[in-house]
Amino acid sequence: MAIGISLPRIDARPKVTGEALYPGDINLPGQAYAKVLWSKRPHARVRAIDTRAAQAMPGVLAIFTGDDVPVNEYGLITFDAPVLIRPDVTYQTRDGEQHRSASVPNPKSQNAKSFDGVVRHVGEKVALVVAETEQIAAHARELIRVEYEDLPAITSMHEAIQPGALQVHPHYPGNVIKHYRVRKGDVQAGFAQADVVVEDTYFTGAQEHAYLQPEAGLGYLDEQGRVTVIVAGQWTHEDQQQIAHALDLPLDQVRVIYPAIGGAFGGREDMSVQIILALAAWKLRRPVKIIWSREESIIGHHKRHPMWFHARLGAKRDGTLVAAQVRLMSDAGPYAYTSAKVLGNATVMAVGPYDIPNVAIDSQTVVTNNLPTGAFRGFGAPQSLFVAETQMNKLAAALKMDPVELRLKNALRDGSLTVNNTPIPPGCTIAEVIQQCAARIQSNPASNPKSKIQNPKSRVGRGFACGHKNVGFSFGAPESCEATVELHGHTEIERAVVYHAGADCGQGAHTVFVQVAAQALRLPVEKIELVASDTASSGNSGSASASRMTFMASHAIFGAAHAALEKWQDEERPARAHYIYRPPPTSAMHPDTGAADPNITYGYVAQSAEVEVDTETGQVRVLRLVCADDVGKAINPQQVVGQIEGGVVMGLGWTALENFVQRDGHVLTEHLSTYLIPSVMDIPDVVESVVVENPDPHGAMGIRGMAEMPLLVVAPAVVAAIHDATGVWVNQLPVTPERLLDALERVNTTQ
Amino acid sequence: MQPFTYAAPTSLAETITLLGQNGEQARVLAGGTDLLVQLKENRRQAALVIDVKRIPELNVLSYSVRDGLRIGAAVSCQRICAEPAIRQAYPGLIDAVALIGGAQIQGRASLGGNLGNASPAADSIPALIVHHAVCEVAGPAGPRDIPAEAFCVGPGKNALQPGELLVSIRIPPPPPRFGAAYLRFIPRNEMDIAVTGAGVSVVLNEAGDTILSARVALGAVAPTPLLAQEAGAALAGQPVTPDVIEQAARIAQRAAQPITDMRGTAAQRKHLAYVLTRRALEQAIARA
């Protein structure tokens, strides 16, 4: 058996010894160096960009602006963001008519209305300087003179949707990118039946991915003359497409390679250095390298969506849920990125994993002049589940009912109708993970670690939460994954080569690919050779996101392996087969009702948190966290536990520590000394991973996606534990010490 | 990083000459944990960086029951914390010294550098103040002593005159029934800059029921680490009771004049000055 064993990661040795090369470690002879000139202004019209002084500096090779980008736009879902900035120049034609140069749409661009000439957030890339050395590039960058006309910055979602509010982006009238409307049953009639209703307003903050490796890369022309970018990303073929679009090149003229990747978590789904490196290398016909500083990384890529919620939940006296209503709004920043998809997910998960007969959800994602927001582990589900689960915990308190019992009474089960009025995909195991998590706490109460704070002002409490999230792309988005398997040898298979584009962002995907291939081919893992993450050698894998890579790639590798074995039987040498896995189709939500089959399948998780609160300082320590996650089949149990432990810690950061502050569109936490992520000392004393293995009917060998699940419900479990300890509900994330102290004081004053 | 000239003199005299010749253009480098970051980010300028780690006087680390403790300005936190005798005699100082950075930073960072950098939030300075530490300075006009509480004169500014160098820090031997403690508040558990810090020391009578004298010093609540003399005075001659401790902590809270910044609001800092002073006093009394 090659699966179900904790095979040491195939990249463990090179990473530990430092042999592994990350994008910033790779160099080519004759390479030039690039620096980005950032806007540092949240909203301004760019009247002119004067590059003459910078251009004249010895050693400067080129300065690119939006005028140099053939099709100056990018975006994962829609092309609505400029690669670089073209100045907005108003000029008069001979017949006296006023024209703005930047408003002339490029015929290649897909959008009728141009959006150029304006910077809409502080991390906008105005220009790219390329020079013989990094120092010259940095110095020349300071010599570029940009003439800005500052515009008022819209930095609040609520302000953005006011009638008459300044329009942030011409594509989004009313400053709304997308809204969803979900109606199931009759929500008014539902609330009329309710004995108890809980209602509250919630807010969740932005989060920075803070991956170890800030953005870096190398652009060059390969031996076939293709513009090639070595970079860290999540989807080689998507990067390739966006580069080809912006440079107006055929796809086969563009190549993307991922070396070792230092973390991603959704933060590398949208373009960072990909297009600008390709542009510079293509124009200059020589290698060009860039490395962003941590501070550039923090303003240079999107964040987790801040979200606002107003939620009502109604139940009968016995705990039966009868109605749920949620209004929610997310701050997209000025460009779409993946905001509409994240909003869709937040909508589907907005009332939690429960069977509720009457539901109304209205959601919208709004443009502002804050930093763009997009994919981040959980993709909208953590925000919604914080609210849905806190509502459930408040309901349990109001009903004086055990939170576990309340959940089990209402949990989705196979056959239940979701908010989308269609049955939950078969294999729904939310009740199972709830029971497993609860059982672990019951069976092992003695493991409670003793207090770290040990002061008379500390209080200990425990909280519970659970949740679900889609695995794979949603809402009818094209979803597939390709693999190629090549078998070498004569009478026996001596060596198998697997070609797969899937990104190993540090989660261990490549090790999983090797294990799955070995299993499918019934070969020892040593005989599997993996050629990975290069558009020149592999078909499209889709992204390493949405907890989908193990789920999708296993199907693809199994398919390719079986096809190759058939050819091997037919005596083809080498036997080579290509396979494309296409999962069951999904569909978009109906605009009026939300009716849909939005997702292929879901992952399920339940958590219990035990915290100690210092009621005098507001500091929260998480003492113990139990996470039960149904992974279907653990291909590599050690990596599964790694994902659980990492996801829990990342969730704790978002819950209690990571306070990403933007004021008037400016980032005030652009250093890791002011944006505090958990350190090794902040990890709970005990993190117990309960690996549940109920096969998913859709999964190869029963595999379920799991990478995001451990993060999903850390926040509501911790917030419930804080309530258990102190009697205070906190409705805003992160729960900073000061926020909690304020809440405690408010309660003390009113008592 | 900005280009600079690097010098590594081996004598005090040579260093003082270099400092005198280069004036504001020169910066002293001990561990570099503050200076190198500041140079990289253009928050400080330097044409000449003088590495003082090769000067014998700045590497002294000596302790005796009779003479107390002398810490050379370039001695790393790690060296201080590794000395059992120092740990035993000055646990309240170790509270602060052990908090500065993670293991790697501990191996580089020096108390001299922490003083020289003169951050209002520096962890070691309130602890040094309550231990009656004296900064031993050398310069063109000869040696002089500056009490720790007078060493910082503003955010990032210290009392050294042009050409002067901090050589070492002298801490008197602890008197009988002396106890000290330093506590700080940070949102996470390590490697962060204090939102507020509180150092305290007490000397108790033989019976241990009366406070003979006390010092309270606060960090991150004023432009410099702050000796809250009123709080110390309020404790002197008082019995060891929760009320006395409570009142002194409230006085420290009133003495705090913090600002609101990324790490905390003024209100939170004033509140923390009270909580931390009270808790540090309880700990110091227990150690005395």
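Parameters and conventions
Residues numbered from 1 in each chain as written. Chains lettered and ligands numbered in written order. Predicted model: local features only at pLDDT ≥ 70, side-chain atom pairs only at ≥ 80, totals over all residues. Heavy atoms only, no water. Helix = DSSP H or I, 4+ residues; strand = E, 2+ residues; numbered from the N terminus. Buried < 20%, exposed > 50% of the residue type's maximum accessible area, 1.4 Å probe, protein only. Contact = heavy atoms within 4.5 Å. Domains from an automatic or database assignment. Buried area = accessible area lost by both parts, 1.4 Å probe. Salt bridge = Lys/Arg side-chain N within 4 Å of Asp/Glu carboxyl O. Polar contact = N/O pair within 3.5 Å; in protein donor to acceptor, adjacent residues only side chain to side chain. Axes fitted to C-alpha atoms, helices over the stretch in contact; angles between N-to-C directions. Parallel < 35°, antiparallel > 145°, perpendicular 65-115°, else oblique. Left-handed = near helix turned anticlockwise from the far one by under 90°. Nonpolar A, V, L, I, M, F, W, Y, C, P; charged D, E, K, R; others polar. Patch = residues over 30% accessible without salt bridge, like charges linked within 9 Å, V, L, I, M, F, W, Y side chains within 5 Å. Areas by Shrake-Rupley, 256 points an atom, 1.4 Å probe, with all protein chains shown as cover. Lys, Arg positive; Asp, Glu negative; His and termini not counted. Charge placed at Lys NZ, Arg CZ, Asp CG, Glu CD. Expected span 1.5 Å × (residues − 1). Pairing = 2+ DSSP bridges. Phe/Tyr/Trp six-rings, centres within 6.5 Å; stacked < 30°, edge-to-face > 60°. Lys NZ or Arg CZ within 6 Å of the ring centre and 35° of its normal.

Below, the discussion takes up the overall build of chain B. Secondary structure assignment for chain B yields 12 helices and 14 strands. Considered along the principal axes of its C-alpha atoms, chain B spans approximately 55 × 45 × 35 Å. Buried residues in chain B amount to 55% of all 288 residues. Across chain B, contacts joining residues at least 24 apart in sequence account for 61% of those joining residues at least 6 apart.

All right, on to the domain arrangement of chain A then. Residue and element names in this part refer to chain A. Under the domain assignment used here, chain A contains domain 1 (31–151) and domain 2 (182–207 + 303–473 + 591–750). The distance between the C-alpha centroids of domain 1 and domain 2 comes to 41 Å. Across the boundary between the two partners, domain 1 contributes 17 residues, which contact 15 residues of domain 2. Both sides together, the interface formed by domain 1 and domain 2 hides about 1200 Å², and carbon and sulfur atoms give 64% of it. The tally of links from domain 1 across to domain 2 stands at zero salt bridges. Run the count over domain 1 and domain 2 and you get seven residue pairs in polar contact (both at pLDDT 80 or more).

Counting across every chain of the model gives 45 salt bridges over all chains. Taken together, the salt bridges that share partners define one network made up of A:Asp222, A:Glu223, A:Arg226, A:Arg255 and A:Asp534.

Looking now at the packing of helix H6 (residues 236–247) of chain A against helix H7 (residues 274–284) of chain A. All names here are of chain A. The contact between H6 and H7 brings their axes to 9 Å, and the two run at 50°. Between H6 and H7, the angle is such that the two are oblique. Every pair of crossing elements has a handedness; the one defined by H6 and H7 is right-handed. Listed contacts from H7 to Asp239, Gln242, Ile243, Ala246 and Leu247 of H6 are Gln274, Ile275, Ala278, Leu279 and Trp282. Within the contact of H6 with H7, the residues separate by chemical class into seven nonpolar, two polar and one charged.

Together, A:Glu566, A:Asp570, A:Glu571 and A:Glu572 give the surface a local cluster of negative charge. Within the secondary structure layout, A:Glu566 lies in helix H14 (residues 549–569).

Three or four residues apart is the spacing at which side chains of an α-helix point the same way, because the helix has 3.6 residues per turn. Extensive coverage of helix H9 (residues 339–348) of chain A is indicated by the burial of nine of its 10 residues. Listing the buried residues of H9(A) in full gives A:Ser339, A:Ala340, A:Val342, A:Leu343, A:Gly344, A:Asn345, A:Ala346, A:Thr347 and A:Val348.

Time to look at helix H11 (residues 242–255) of chain B. Residue and element names in this part refer to chain B. If you check H11, its first and last C-alpha atoms are 20 Å apart, about what 14 residues at 1.5 Å a residue would give, namely 20 Å. Of all the positions in H11, only Val244, Ile245, Ala248, Ala249, Ile251, Ala252, Gln253 and Ala255 are classed as buried. Looking at the buried residues of H11, the elements they touch are strand E13 (211–219), strand E14 (226–227), helix H10 (229–235) and helix H12 (266–287).

It is common to give the size of an interface as the accessible area lost on bringing the parts into contact. At the interface, 18 residues of chain B touch 26 residues of chain A. When chain B packs against chain A, the two sides together hide about 1900 Å² of surface, and 50% of this comes from carbon and sulfur. Considering only the side of chain B, the residues that lose the most area to chain A are B:Arg188, B:Asn189 and B:Met262, jointly responsible for 35% of the buried surface there. In this assembly, chain B and chain A are joined by three salt bridges. The interface formed by chain B and chain A holds 13 residue pairs in polar contact (both at pLDDT 80 or more) in total. A total of seven residues in the side of chain B that touches chain A trace back to one element, the largest contributor, which is H12(B). Looking at side-chain class alone, the side of chain B that touches chain A contains seven nonpolar, four polar and seven charged residues.

Another point: the sheet that holds strand E8 (residues 145–150) of chain A. All names here are of chain A. The sheet built from three strands is open, its strands ordered E6-E2-E8 with antiparallel pairing. The sheet is open, and its two edges are formed by strand E6 (118–119) and E8, each paired on a single side. Examined bridge by bridge, strand E2 (residues 44–50) and E6 share two bridges and lie antiparallel to one another. Among the inter-strand pairings, Arg45 is bridged to a residue of E6, identified as Val118.

Glancing now at unusual backbone geometry. In this chain, A:Arg573 is followed by A:Pro574 through a cis amide linkage whose omega measures -15°. Its place among the elements puts A:Pro574 in the loop between H14 and strand E22 (575–581). Across the junction of A:Leu733 and A:Pro734, the peptide omega takes the value -5°, indicating a cis bond. Phi is positive for B:Asn42, which is not a glycine, with a value near 60°. In this structure, B:Asn42 sits in the loop between helix H2 (35–40) and strand E3 (48–51).

Here we come to the side chain of B:Asp51. All names here are of chain B. Its place among the elements puts Asp51 in strand E3. In this structure Asp51 comes out as buried when scored by relative accessible area, which is 6%. At 3.0 Å, the side chain of Asp51 forms a polar contact with the backbone nitrogen of Lys53.

Residues and elements named next belong to chain A. What the rule picks out here adds up to seven aromatic pairs over all chains. The interplanar angle of 75° and the centroid separation of 5.7 Å between the aromatic rings of Phe660 and Tyr675 together place this pair among those described as edge-to-face. In this pair, Phe660 sits in the loop between helix H15 (637–657) and strand E25 (662–663) while Tyr675 sits in the loop between strand E26 (666–667) and strand E27 (686–692), placing the two residues 15 residues apart along the sequence. In this pair, the class of Phe660 matches that of Tyr675, namely buried. Over the ring of Tyr211 we find Arg268; its NZ or CZ atom is 3.8 Å from the centre of that ring. If you follow Arg573 out to its NZ or CZ, it ends over the ring of Trp568, 3.4 Å from the centre.

Moving on to the side chain of A:Lys35. Topologically, A:Lys35 is positioned in strand E1 (residues 32–38). The residues contacting A:Lys35, other than those within four sequence positions of it, are A:Ala127, A:Leu128, A:Val129, A:Glu134, A:Ala137, A:Ala138, A:Arg141, A:Ile290 and A:Ile291.

What follows concerns the sheet that holds strand E20 (residues 493–500) of chain A. Residue and element names in this part refer to chain A. Taken in spatial order, the four strands make up an open sheet running E21-E20-E19-E22, and their pairing is mixed. Among the strands making up the open sheet, the edge pair consists of strand E21 (528–532) and E22. Each strand of the sheet is rotated relative to its neighbour by a mean of 20°, with strand direction disregarded. Both strand E19 (residues 481–489) and E20 contribute to a ladder of six bridges, which runs antiparallel. Bridging from a neighbouring strand, Glu486 pairs with Val497 of E20. Running at roughly 135° to E21, helix H13 (residues 509–521) makes contact with E19, E20 and E21 of the sheet. This element, H14, spans E19, E20 and E22 of the sheet and lies at about 35° to E19.

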